[in-house]
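Coordinate analysis (summary)
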Amino acid sequence: MTQAENKVLLIYTGGTIGMGRNPATGALEPLDFNHLRDNVPEMKYIKASIDIYQFEQPIDSSDIDTATWAKLVRIINENYQVYTGFVILHGTDTMAYTASALSFMLENLTKPVILTGSQLPIGQLRTDGKENLVTSIELASLTDDKGRALIPEVCIYFSGKVLRGNRATKQNADEFNAFNTFNYPHLCEAGINFTFHFHHILKPDFSKPMIPHVDLNPNIIVFSLFPGIQENVVHHLIDAPELRGIILRSYGSGNAPQQPWLIHLLCEATERGVCVVNISQCVAGRVEMGRYNTGFQLKDAGVISGYDSTVEAATTKLMYLYARYDDVNIIRRLMNESIAGEISPSTAYLSEE
Ligand code: ASP
């Protein structure tokens, strides 16, 4: 592993890590990068050289939108040749969505793009921000003896773990251990040493260029089933003419109530070219629509399996595919394939430990 001459671009979007208290309201609000730098004097000990790109107006990540993702893709693309890796400082609330979106928008990525942030602002005594920031920069700067990135994918680094970005979910609003990948092993653990799990890390074709994509079609809805769900409400939702894709959050291994009206509405939607993807409400495990009759009916209605996808990955993948393809059959096929390591259509990887 080498690091001395490597360069990292640190992109500061906002989030708790760089926030301070508004003296009038007491609420946390985003501050500029100088505040962050003043609180991390340790940054000068990092061997890699670091440049900063600061968003003019740092934001709480609840305000992240598709235009912000396109902006991040443009920044990375314009600086791609110059830097060994990229670190994005981002609020935790929507970090898993941004990580998922970028994993699709940066096709054939061969460099690390590591998102991190913190649960406590960097100016607070017990902050987790310093370790998250310093370790992310170090990870983004690491290359092998051929100069190739050790983690050439979009990741989240948080609380000692490197996680595949499009497998991650925010699991805790209070603890430092804010993220996990319930359906995929960690890529690396940062203890006294880094322990890389190389067989779980993507292996891109380093001879091919990275292809940036900035267009997304956000006419998607995430819709969660619950006992007592009403036909009229669902009817209005599914009838929206702009609607392109539905993430259906089903029960357990992909099951839904057997009311004929629900199956009928889903059938109508799929016939209209809406792609309906079945994602379980469980955080771990996978959709298997053939396991119970209540899942089989969904399959018959044209609903496709999201396998072990997170909601964040399925939502952003649909946005990406609808912007790229007009033919819904291509979109349905690609939703069933892993295009950036986001799903495991088979469980083979589990035996590769
Ligand atoms: N609301 C903050 C944000 O997502 C929370 C955080 O950064 O942890 O920007």
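In the nomenclature of an unreviewed UniProt entry, the chain corresponds to asparaginase from the organism Segatella baroniae F0067. Of the chain, the UniProt comment under Sequence similarities (unreviewed entry) reads exactly: "Belongs to the asparaginase 1 family."

**Brief notes about the UniProt feature "domain: Asparaginase/glutaminase C-terminal" (unreviewed entry) in the chain**
Within this numbering scheme, the UniProt entry marks residues 220-335 as carrying the feature "domain: Asparaginase/glutaminase C-terminal" (unreviewed entry). Along residues 220-335 the backbone is 44% helical and 16% strand, and the end-to-end C-alpha distance reaches 14 Å.

**Brief notes about the UniProt feature "active site" (unreviewed entry) in the chain**
UniProt feature "active site" (unreviewed entry): in the numbering of this structure it lies at Thr16 and Thr92. For the residues just named, distributed over 77 residues, the greatest C-alpha separation is only 7.7 Å, placing them together at one site. Residue placement: Thr16 occurs in the loop between strand E1 (7-14) and strand E2 (19-21). Each residue touching Thr16, except ones within four places of it in the same chain, is listed here: Gly91, Ser118, Gln119, Leu120, Pro121 and Ile122. Relative to the helices and strands, Thr92 resides in the loop between strand E5 (85-89) and helix H3 (95-105). Judged by relative accessible area, Thr92 falls into the buried class, the value being 6%. Setting aside residues up to four positions removed in sequence, Thr92 forms contacts with Ser61, Ser118, Gln119, Phe158, Lys170 and Phe179.

**Topic: empty space enclosed by the protein**
With the rule as written, the count across this model stands at one cavity of 30 Å³ or more. The computed volume of the largest cavity comes to approximately 40 Å³. Surrounding the largest cavity, Val277, Gly306, Ser309, Ala313, Ala314, Lys317, Met335, Glu342 and Ile343 form its lining. A class-by-class count of the residues in the lining of the largest cavity yields five nonpolar, two polar and two charged.

**With respect to the packing of helix H5 (residues 231-239) against helix H6 (residues 260-271)**
Relative orientation of the contacting elements H5 and H6 amounts to 5°, with a least axis distance of 11 Å. The angle between the axes of H5 and H6 places the two elements in the roughly parallel class. In contact with Glu231, Val234, His235 and Ile238 of H5, H6 contributes Trp261, Leu262, Leu265, Leu266 and Ala269. Of the residues belonging to the contact of H5 with H6, the class tally is seven nonpolar, one polar and one charged.

**Some remarks on the site of the ligand**
The full set of residues close to the ligand is Gly15, Thr16, Asp60, Ser61, Gly91, Thr92, Asp93, Ser118 and Gln119. Contact distances for the ligand include 2.9 Å between an oxygen atom and a backbone N or O atom of Thr16. A distance of 2.8 Å is found between a nitrogen atom of the ligand and a side-chain nitrogen or oxygen belonging to Asp93. Within the complex, 90% of the 270 Å² of free accessible area of the ligand lies under protein. Grouping the constituent residues of the shell around the ligand by class yields no nonpolar, seven polar and two charged.

**Focus: the packing of H3 against helix H8 (residues 311-324)**
Look at H3 against H8: their axes get within 8 Å of each other, and the N-to-C directions meet at 40°. In this view, H3 runs oblique relative to H8, as classed from their interaxial angle. The handedness of the crossing between H3 and H8 comes out as right-handed. Listed contacts from H8 to Ala96, Tyr97, Ser100, Ala101 and Phe104 of H3 are Val311, Glu312, Ala313, Thr316, Lys317 and Tyr320. Counted by class, the contact of H3 with H8 contains seven nonpolar, two polar and two charged residues.

**Here we look at the sheet that holds strand E9 (residues 161-164)**
Adjacent strands of a sheet form backbone hydrogen bonds with each other and so pair up, either parallel or antiparallel. Spatially, E4-E1-E5-E7-E8-E9-E12-E13 is the arrangement adopted by the eight strands of the open sheet, whose pairing is mixed. The two strands at the open ends of the sheet, each matched to only one other strand, are strand E4 (49-59) and strand E13 (194-196). Going across the sheet, the axis of each strand differs from the next one's by a mean of 20°, ignoring polarity. One ladder, built from seven bridges, connects E1 with E4; its direction is parallel. Residue pairing in the sheet places Val8 in a bridge with Ile50 of E4. Packing against the sheet, helix H2 (residues 66-78) makes contact with E1, E4, E5 and strand E7 (113-116), and its axis sits at approximately 160° to E4.

Calculation notes
- Starting from 1, residues in each chain are numbered consecutively following that chain's sequence as written.
- Since the coordinates come from a predicted model, pLDDT governs what is reported: local features require at least 70, and pairs of side-chain atoms require 80 or more to be given and counted, while whole-chain, interface and lining totals use all residues.
- Hydrogens and water are ignored here; the side-chain numbers use all heavy atoms of the structure.
- UniProt positions are given in the numbering used here, feature names are shortened, and annotations may be inferred rather than shown by experiment.
- Labels follow the DSSP assignment, with helices taken as runs of H or I lasting at least four residues and strands as runs of E lasting at least two, numbered in each case from the N terminus.
- In what follows, residue pairs with any heavy atoms lying within 4.5 Å of each other are defined as contacts.
- Each residue gets one of three labels from its accessible area relative to the maximum for its type: buried under 20%, exposed over 50%, partly exposed in between, using a 1.4 Å probe on protein chains only.
- In this analysis a 1.4 Å probe is tested at points of a 1 Å grid over the protein atoms alone, and where it fits but cannot get out there is a cavity; an open set with protein on both sides within 12 Å along at least five of seven lines is a pocket; lining residues have an atom within 4 Å of a point.
- Grid points are joined across faces, edges and corners, and a volume is the space filled by probe spheres set on the points.
- Residues are grouped as follows: Ala, Val, Leu, Ile, Met, Phe, Trp, Tyr, Cys and Pro are nonpolar; Asp, Glu, Lys and Arg are charged; all remaining types, including Gly, are polar.
- Axes, fitted as lines to C-alpha atoms, cover a helix only where it is in contact. Angles between the N-to-C directions of the axes lie from 0 to 180 degrees.
- With respect to orientation, any angle under 35 degrees is reported as roughly parallel, any angle over 145 as roughly antiparallel, any angle of 65 to 115 as roughly perpendicular, and every other angle as oblique.
- For this description, a residue counts as near a given molecule or strand if any of its non-hydrogen atoms is within 4 Å of it.
- Throughout this description, a polar contact denotes any pair of N or O atoms lying within 3.5 Å of each other; where both atoms belong to protein, one of them has to be capable of donating a hydrogen while the other can accept it, and for residues adjacent in sequence the pair is counted only when both atoms sit in side chains.
- Note on areas: Shrake-Rupley, 1.4 Å probe, and residue coverage restricted to the protein chains presented here.
- The hand of a helix crossing depends on one turn: near helix anticlockwise from the far one by less than a right angle means left-handed, and clockwise means right-handed.
- Strand pairing is assigned whenever DSSP identifies at least 2 bridges connecting the two strands.

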